Amino acid sequence: MNVYYSEAHRKHEPPFEIFDGGLRVPYLENPDRMDKILSALQTINWAEMIEPRDFGLDPIYAVHDKDYVEFLASCWTEWLDSEAIDKSTLLPATFALRRHSQKPTSLLGRAGYYMMDLSACIVEGTYQAALASANCALSAADTVANGERSAFALCRPPGHHAGKDYAGGYCFINNASVAANWLSSNGKVALLDVDYHCGNGTQDIFYDRDDVLTISIHADPNFEYPHYAGYSNETGAGPGLGFHKNFPLEKGTDDAGYLAALEEALSLIRKFEPKYLVVSAGMDIYADDPLGTIKVTTEGISEIGKRISVLGLPTVIVMEGGYNNEALGRNIMSFLEEFK
Ligand code: SP5
Ligand code: ZN
């Protein structure tokens, strides 16, 4: 299996993020996550590590607003030129509500406009890391479009919380959506998101489209991040009505509960008859994840991989979340093994 990976992520290492209650904690979405996955990949003999190709900005502009991408490109320099006291990471404290909101020109005004929370911290290397991450997803998509059965985009930063014009939840460019949109010029695409959190950005990007079926299985947003998307009554809009599906899960959901939701999701994908499948593979569904509340085991993750693989579709697997670094290598391997 081709595995696309770039070292560019290492320069994206924000010093902290802010949890609920104002708690400053070490950035959970850290470079060590990749080191744990890289070590695990060294213990098997079926993965070929490949540098991503540069696809340029067009496939990214096809999914994200140009203004937003330009903000990502210039904000760090602007931040260093600003009056801020602590410049270790660009993080606004006021956020736009999208209803009736105006777009200011000041740096912090734009930062709060283009970010949804206090976990999408920007540092000097963030933009380059996000571009390289998107290129990993595009390279994996290209491989699958050229006839491989599967490919793995070892993306960091992750992408599924990034919408058309906003960053959030450790995500800046929506890697899986960029790949899915790129593939969609060749035929229908299903995008299945198994990260513990709702893929709100992916939902935002494809909500009114009928050529990309988006499905997300995740913790109920009524109690879990991202709170404002991911409910079961959100099923698409306009031509996209009926082409989005959320499966909110309750706290403590175990392997059996998860697999029951997955079976429903898989039958929707079969009915849709896509040419390609993109999987947003977050491993924070794992029982011992520090951000998770559901109880999927490593064996459960393997079974999830097997059932998705049985669809028999050309599949792009895109790395998303997963914050139990000690278990991360083992968990993603147990998933990938089903596609080799
Ligand atoms: C890609 C991805 O998985 N992003 C997740 C971002 C979640 N950020 C919100 C964190 C909410 C913090 N709640 C702390 C609970 C600790 N037990
Ligand atoms: Zn997640």
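Not measured: the values here are computed from a predicted model.

**Q** Provide a residue-level description of the packing of aromatic side chains, including the pertinent values.
**A** Following the criterion strictly, the structure yields eight aromatic pairs and no others. Seen in terms of ring centroids, F71 and Y114 are 5.0 Å apart; in terms of plane orientation they differ by 35°. Their pairing is tilted. Taken as a pair, F71 in helix α3 (residues 66-80) and Y114 in helix α4 (residues 107-114) lie far apart in primary sequence, 43 residues in all. Note on F71: relative accessible area 1%, which makes it buried. Here a set of aromatic residues connected by ring pairs shows up, and it is made of Y68, F71, Y113 and Y114. One Lys or Arg, R98, reaches over the ring of Y113 and ends 4.1 Å from the middle of that ring.

**Q** Got a sec to walk through the sheet that holds strand β4 (residues 48-50)? Specific residues and values, please.
**A** The eight strands are arranged β4-β1-β5-β10-β9-β6-β7-β8 in an open sheet whose pairing can be described as parallel. Taken across any chain shown, the strands that pair with only one partner, and hence form the sheet edges, are β4 and β8 (244-249). Looking at each pair of strands side by side, their axes are set apart by 15° on average, direction ignored. Judged from the five bridges that link them, strand β9 (residues 276-281) and strand β10 (residues 315-319) form a sheet pairing that is parallel.

**Q** How would you summarise the site of ligand 1 if you had to cite specific residues and measurements?
**A** The local shell around ligand 1 holds 16 residues, among which H161, G169, H197, D284 and Y323 are the closest. The contact in question runs from a nitrogen atom of ligand 1 to an N or O atom on the side chain of H161, over 3.2 Å. Y323 places a side-chain nitrogen or oxygen 2.6 Å from an oxygen atom of ligand 1. Against a free-state accessible area of 520 Å², the protein chains account for coverage of 78% of ligand 1. More than half of the atoms of ligand 1 fall within 2 Å of the grid points belonging to the largest pocket. Counted by class, the shell around ligand 1 contains seven nonpolar, six polar and three charged residues.

**Q** So what about the environment of P14? Which residues, and what values?
**A** With respect to the secondary-structure elements, P14 resides in the loop between β1 (2-4) and β2 (17-19). Its relative accessible area of 3% is what places P14 among the buried residues. When sequence neighbours within four positions are dropped, the list of residues in contact with P14 reads Y27, T89, C121 and V123.

**Q** Just give me the short version of the coordination of the zinc ion (ligand 2), but keep the residues and values in it.
**A** Taken together, the protein ligands of the zinc ion (ligand 2) are D195 (OD), H197 (ND1) and D284 (OD), with distances of 2.0 to 2.1 Å. D284 gets classed as buried once you look at its relative accessible area, which sits at 0%.

**Q** Which residues make up the packing of helix α8 (residues 255-272) against helix α9 (residues 298-309), and what values do they have?
**A** One can describe the packing of α8 onto α9 by two numbers: an axis separation of 11 Å at closest approach and a directional angle of 15°. In terms of orientation, α8 lies roughly parallel with respect to α9. Every pair of crossing elements has a handedness; the one defined by α8 and α9 is right-handed. Facing D255, Y258, L259, L262, E263 and L266 of α8, the residues of α9 in contact are G300, E303, I304, R307 and I308. For the contact of α8 with α9, a count of residues per class yields six nonpolar, one polar and four charged.

**Q** Lay out the pairing of strand β6 (residues 189-193) with the relevant residues and their values.
**A** With respect to burial, β6 is a largely interior element, five of its five residues being buried. Burial of β6 is two-sided: the residues V189, L191 and D193 facing one way and the residues A190 and L192 facing the other way are all buried. Across five bridges, the pairing between β6 and strand β7 (residues 212-219) is parallel. For D193, the partnering residue across the bridge sits in β7 and is S216. Viewed along the sheet, the connection from β6 through helix α7 (residues 200-206) into β7 turns out right-handed. The pairing of β6 with β9 spans five bridges and is parallel. Opposite A190, over in β9, you have L277 as the bridge partner.

**Q** Describe in detail the layout of surface pockets, supporting the description with residues and values.
**A** When its volume is computed, the largest pocket comes out at roughly 1,300 Å³. Around the largest pocket sit 43 residues that line it, and M116, D117, Y225, P226 and Y228 are the ones nearest its centre. Broken down by secondary-structure element, the contributors of at least two residues to the lining of the largest pocket are β2, α4 and α7. Across the lining of the largest pocket, the residue classes tally to 21 nonpolar, 10 polar and 12 charged.

**Q** Mind laying out unusual backbone geometry, listing which residues take part and the relevant values?
**A** Of note, the bond from R156 into P157 is cis; its omega dihedral lies within 30 degrees of zero at 0°. For P157, the position within the fold is in the loop between β5 (150-153) and α6 (175-183). Geometrically, the link from Y225 to P226 is a cis peptide bond, its omega value of 5° lying close to zero. As for its position among the elements, P226 is in the loop between β7 and β8. Although it is not a glycine, H227 sits at a positive phi angle of roughly 65°. Tracing the chain through its elements places H227 in the loop between β7 and β8. Phi is positive for E273, which is not a glycine, with a value near 50°. Tracing the backbone through its elements, the reader meets E273 in the loop between α8 and β9.

Criteria and thresholds
Residues numbered from 1 in each chain as written. Chains lettered and ligands numbered in written order. Predicted model: local features only at pLDDT ≥ 70, side-chain atom pairs only at ≥ 80, totals over all residues. Heavy atoms only, no water. Phe/Tyr/Trp six-rings, centres within 6.5 Å; stacked < 30°, edge-to-face > 60°. Helix = DSSP H or I, 4+ residues; strand = E, 2+ residues; numbered from the N terminus. Buried < 20%, exposed > 50% of the residue type's maximum accessible area, 1.4 Å probe, protein only. Lys NZ or Arg CZ within 6 Å of the ring centre and 35° of its normal. Pairing = 2+ DSSP bridges. Axes fitted to C-alpha atoms, helices over the stretch in contact; angles between N-to-C directions. Near = heavy atom within 4 Å. Polar contact = N/O pair within 3.5 Å; in protein donor to acceptor, adjacent residues only side chain to side chain. Areas by Shrake-Rupley, 256 points an atom, 1.4 Å probe, with all protein chains shown as cover. 1 Å grid on protein atoms, 1.4 Å probe; cavity = no way out; pocket = protein on both sides within 12 Å on 5 of 7 lines; lining within 4 Å. Sits in = over half its atoms within 2 Å of the grid points. Nonpolar A, V, L, I, M, F, W, Y, C, P; charged D, E, K, R; others polar. Contact = heavy atoms within 4.5 Å. Donors = N, O, S within 2.8 Å, 3.2 Å for Na, K, Ca; no water. Parallel < 35°, antiparallel > 145°, perpendicular 65-115°, else oblique. Left-handed = near helix turned anticlockwise from the far one by under 90°. Right-handed = clockwise from strand over helix to strand, strands pointing away. Points joined across faces, edges and corners; volume = space filled by probe spheres on them.

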